[in-house]
Amino acid sequence: MASTTHDRPPARTPAERLADRHARLAADPAAYWLDEARRLDWSRFPTRADESSFAQGDFGIRWFVDGELNVSFNCLDRHLADRGDSPAIVFEGDEPGESRILTYRDLHGEVCRMANVIRGLGIGKGDRVTLYLPMIPEAAVAMLACARIGAIHSVVFGGFSPDSLAGRIEDCGSRLLITADEGLRGGKRVPLKANADQALAACPTIEQVLVVRRTGTPVPMQTGRDLWWHEARELVRDTCDPEPMNAEDPLFILYTSGSTGKPKGVLHTTGGYLLWVAKTFDLLFGAGDDDLFWCTADVGWVTGHSYVVYGPLANGAATVMFDGVPNYPDFGRFWETCARLGVTIFYTAPTALRALMREGDQWVEAHDLSRLRLLGTVGEPINPEAWNWYDRVVGQGRCPIVDTWWQTETGGALIAPVPEATATKPGSATLPLPGVFPELVDADGALLDGATEGNLCLAQSWPGQMRTVWGDHERFFQTYFTTYPGKYFTGDGCRRDEDGYYWITGRVDDVINVSGHRMGTAEVESALVAHAQVAEAAVVGMPHEIKGQGIYAYVLLNADVPASDALSRDLRNWVRSEIGPIASPDAIQFVPGLPKTRSGKIMRRILRKIAERDTDNLGDFSTLANPEVVPVLIADSRA
Ligand code: WTA
């Protein structure tokens, strides 16, 4: 990468290099960002950097508006000369050893073929394409193929139900769906094509379905609508000119849960997003030619987008795509795979670490992890016990731990230690990266100084920030910029210690973080009330040893419907089929009524405390319309 630092004395240590970045940024932000932009290849290099505003009048997030580039070119073509024969994707299937390596040249060819196939189906710039796939290389191929021709991808996690898939297709009006015959997870089959067929009954915008063969199980193909990828790819060339895209042209939509309503289509654009994930991947993981990077996330989540696909490939790194689960065929799967493939950098979620930690150290110690040099975590706060275990048992005290705080909305990591430069503290995501300006405010929005605790906001834009909610720009503004006017509100609570380190305390809104996956309480509630025997439901988070948070549902049944364990099971299955297994409640409590204010609002604060078994200090609830239910709820919660 070109650099403009020749006239300065070389910075010596990583800490000094990081301090230098902060200083250059403070001195001249536009120059800093345009210099950073050089890490990408542009067909038209931008002359303008940040033109964002969080204020009502001229609200908008805009970066590098006169730049032009193509994401797939940046992830593939520009690496061909130097590393065409180096691994790009190292696929590891559900069964140990079901591996396949795609070099940059292989991946380039596959992406071009898929781009030609979907272009041949009439898909072009700005069209939406929904992906409902396992963690197979074709998922990355499909994402990059969309990027190559300027289509906007929307990846839907393969664990979501037909209904959830249909809702996400409908919202963005996709014309094409790319799916597979089946998925494989922990030895079990996931009927992706059958789910898709069910979803499509309600999706008139979908014209064609491209089906990847994963397991080979016969699936019905609808003539005129469905076609096989392995057949279509034979009929096209393996080259395809990349579509030049404006920096602010959309790259993808990814649905995520919020406090209210249906999941929002978070929209990321081409230039700023790619720059942010390329830069943060490099800064935090710095994978070189001898590294093999493994981020265990699924591409159905933002972590999979940014650090399985776009971040590593933009840097020419080798990235593992894992289509299995941490406990199959046994609890040593992660470590056996790290040893066999020679993984050097490993990035996972605290929930997985907690689950594995309790199975005992022998599962780790049985494998040679001497190649590991760096460890990362993401998705939820990591408790110091899990952090220390990760450090001691997995990292053998030798590997820095990079705890990365970020969100679907932020595109990539914002608060995280830079290895060797930032001293770590177990449980803290540490300090903001250059270009990130966190602020803590109290409930009234007053800025809090020094060591304190409050609501985490960001005072300025950064290139990877989401640009809008698909189809609802007003909702974007309302959701993130009106709670504390002039600031982006993250929805997280956070403590700042005397060293200025940030400690995320968890969501302060009605979002729960179950095993590192975001779930809106409103979504689970609306699934529950859609059940014929349910009158009302209220859902809150509860502490859960492995998952971080579990889902606690208070359910009021219709008159004359008796509560029973069978009904409880039935409701769990119902929610699984309405949303997906990740939304299945961990606890269901049948109630005679929900605590409500006189204006009819459910008092969630009380429900949360009961679910947390923290009922000594419930505060004043005498003004409720029905205070008498509270003692009943408490008594039943302990029964
Ligand atoms: C939480 C995942 C503490 C946080 C990348 C955030 C974290 C939500 C961390 C976003 C971390 C993520 N420490 N909490 N290192 N990383 N979170 O959109 O509550 O799926 O708001 O993005 O996860 O979840 P999302």
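Residues numbered from 1 in each chain as written. Predicted model: local features only at pLDDT ≥ 70, side-chain atom pairs only at ≥ 80, totals over all residues. Heavy atoms only, no water.

### Side note on the overall build of the protein chain
We count it as follows: Think of it this way: any DSSP run of H or I at least four residues long counts as a helix, any run of E at least two long counts as a strand, and we number them from the N terminus. Both definitions apply: the radius of gyration is a C-alpha atom measure, and the globule rule equals 2.2 Å times residues to the power 0.38. Every residue pair with non-hydrogen atoms within 4.5 Å of one another is taken to be in contact. The method behind every accessible area is Shrake-Rupley, applied with a 1.4 Å probe, and residues are considered shielded solely by the protein chains displayed. Under the convention used here, Asp and Glu are negative, Lys and Arg are positive, and both His and the chain ends fall outside the count. By convention, the point assigned to a charge is CZ for Arg, NZ for Lys, CD for Glu and CG for Asp.
In terms of helices and strands, the protein chain carries 20 helices and 28 strands. A globule of 639 residues ought to have a C-alpha radius of gyration of about 26 Å, and the protein chain, at 24 Å, matches this closely. Restricting the contact set of the protein chain to residue pairs at least 6 apart, pairs at least 24 apart contribute 70%. By element, 50% of the accessible surface of the protein chain is carried by carbon and sulfur atoms, the whole surface being about 24,200 Å². In the protein chain, which carries 62 positive and 84 negative side-chain charges, the distance between the mean positions of the two groups comes to 1 Å.

### Some details on the state of the cysteines
The bond known as a disulfide is covalent and runs between the sulfur atoms of two cysteines. We count it as follows: We call a pair of cysteine sulfur atoms a disulfide when they lie within 2.5 Å. Classification of residues uses two cut-offs on accessible area relative to the type maximum, computed with a 1.4 Å probe and protein chains only: under 20% is buried, over 50% is exposed, and between them is partly exposed.
Following the criterion strictly, the structure yields zero disulfides and no others. Cysteine C203 remains unbridged, with the sulfur of C172 as its closest cysteine sulfur at 9.6 Å. You can call C203 buried: its relative accessible area is 4%. Left unpaired, C295 is separated from the closest cysteine sulfur, that of C338, by 12 Å. With relative accessibility at 1%, the residue C295 sits in the buried group.

### A closer look at the site of the ligand
Cut-off, in case you're wondering: Put simply, a residue is near a molecule or strand once any heavy atom of it comes within 4 Å of that molecule or strand. Nitrogen and oxygen atoms within 3.5 Å of one another constitute a polar contact, given that in protein one can donate a hydrogen and the other can accept it, and given that sequence-neighbouring residues count only through two side-chain atoms.
Lining the immediate environment of the ligand, one finds 17 residues, of which D403, T404, T408, D492 and R518 sit closest. The separation between a nitrogen atom of the ligand and a polar main-chain atom of E380 is 3.3 Å. Between an oxygen atom of the ligand and a side-chain N or O atom of D492, the distance comes to 2.6 Å. Calculation on the ligand without its partners gives an accessible area of 530 Å², and the protein chains cover 96% of this total. Listing elements by their share of the shell around the ligand, those giving two or more residues are helix 11 (302-314), strand 18 (401-404) and strand 23 (502-507).

### Describing the sheet that holds strand 13 (residues 264-269)
Note the threshold: Two strands pair if DSSP finds at least two bridges between them. Working convention: axes come from line fits to C-alpha atoms, limited for helices to the stretch in contact. Angles between N-to-C directions cover 0 to 180 degrees.
The sheet built from eight strands is open, its strands ordered 10-9-6-4-5-12-13-21 with mixed pairing. The two strands at the open ends of the sheet, each matched to only one other strand, are strand 10 (226-228) and strand 21 (468-469). Inspection of the sheet shows strand 4 (residues 128-132) paired to strand 5 (residues 152-155) by four bridges, in the parallel sense. Looking at the pairing, R128 lines up with I152 of strand 5. Contacts from helix 7 (residues 162-172) reach strand 4, strand 5, strand 6 (176-180) and strand 12 (250-256) within the one sheet, and its direction differs from that of strand 4 by about 165°.

### Side note on the UniProt feature "binding site: CoA" (unreviewed entry) in the protein chain
Worth spelling out the cut-off: UniProt positions are given in the numbering used here, feature names are shortened, and annotations may be inferred rather than shown by experiment.
Using the residue numbers shown here, the UniProt feature "binding site: CoA" (unreviewed entry) corresponds to R185, G186, G187, K188, T303, N327, S515 and R576. Across 392 residues, the annotated set is spatially dispersed, with a maximum C-alpha separation of 24.0 Å. Counting through the fold element by element, T303 comes out in helix 11. Residue T303 is classed as buried on the basis of its relative accessible area of 11%. Each residue touching T303, except ones within four places of it in the same chain, is listed here: C295, A297, V308, Y347, V378 and W406. With respect to the secondary-structure elements, R576 resides in helix 18 (residues 565-578). Its relative accessible area of 39% is what places R576 among the partly exposed residues. Non-local contacts of R576, meaning those with residues more than four positions away in its chain, are made with S161, P581 and S584.

### Quick notes on the nonpolar core
For the record, the criterion: Put simply, a nonpolar core is a bunch of buried Ala, Val, Leu, Ile, Met, Phe, Trp, Tyr and Cys residues held in one set by side-chain atoms that sit within 4.5 Å of each other.
Grouped together as the largest cluster of nonpolar side chains are 156 residues, with contacts concentrated most on F64, L107, I178 and Y310. Leaving out residues up to four positions away in the same chain, I178 has contacts with M114, I118, V129, T130, L131, Y132, L133, A142, L210 and V212. Formed by 28 residues, the second largest nonpolar core is a distinct cluster that contains V320, L372, I382 and W389.

### What about the side chain of D492?
The residue D492 is located in strand 22 (residues 488-496) in this model. Excluding residues that lie within four positions of it along the chain, D492 makes contacts with W405, Q407, G454, N455, L456, I504, G506, R507 and V508.

### Concerning the sheet that holds strand 3 (residues 99-103)
Read from one edge to the other, the open sheet built from seven strands follows the order 3-2-15-14-16-17-18, with strand pairing classed as mixed. The sheet is open, and its two borders are formed by strand 3 and strand 18, each paired with just one other strand. Along the sheet, successive strands turn relative to each other by an average axial angle of 20°, direction set aside. Where strand 17 (residues 374-378) lies against strand 18, four bridges are found, and the strand directions are parallel. Its bridge partner lying in strand 18, T377 is registered against D403.

### Some details on helix 12 (residues 333-341)
If you check which residues of helix 12 are buried, you get R333, F334, W335, T337 and C338. Two residues or fewer after helix 12 comes G342, characterised by a positive phi angle close to 80°.

### Describing the UniProt feature "binding site: Mg(2+)" (unreviewed entry) in the protein chain
UniProt annotation of "binding site: Mg(2+)" (unreviewed entry) refers to V529, H531 and V534 when read in the numbering used here. Summarising the element assignment, V529 is placed in helix 17 (residues 521-529). Once residues lying within four places of it in the same chain are set aside, the contact partners of V529 are V534, A535, E536 and A537. Tracing the backbone shows H531 in the loop between helix 17 and strand 26 (534-544). In this structure, H531 is in contact with L567, D570, L571 and W574, ignoring residues within four places of it in sequence.

### Structural notes on the environment of L267
When you line up the elements, L267 lands in strand 13. The class of L267 is buried, set by a relative accessible area of 6%. A C-alpha to C-alpha distance of 4.6 Å links L267 and I253, two positions 14 residues apart in sequence.

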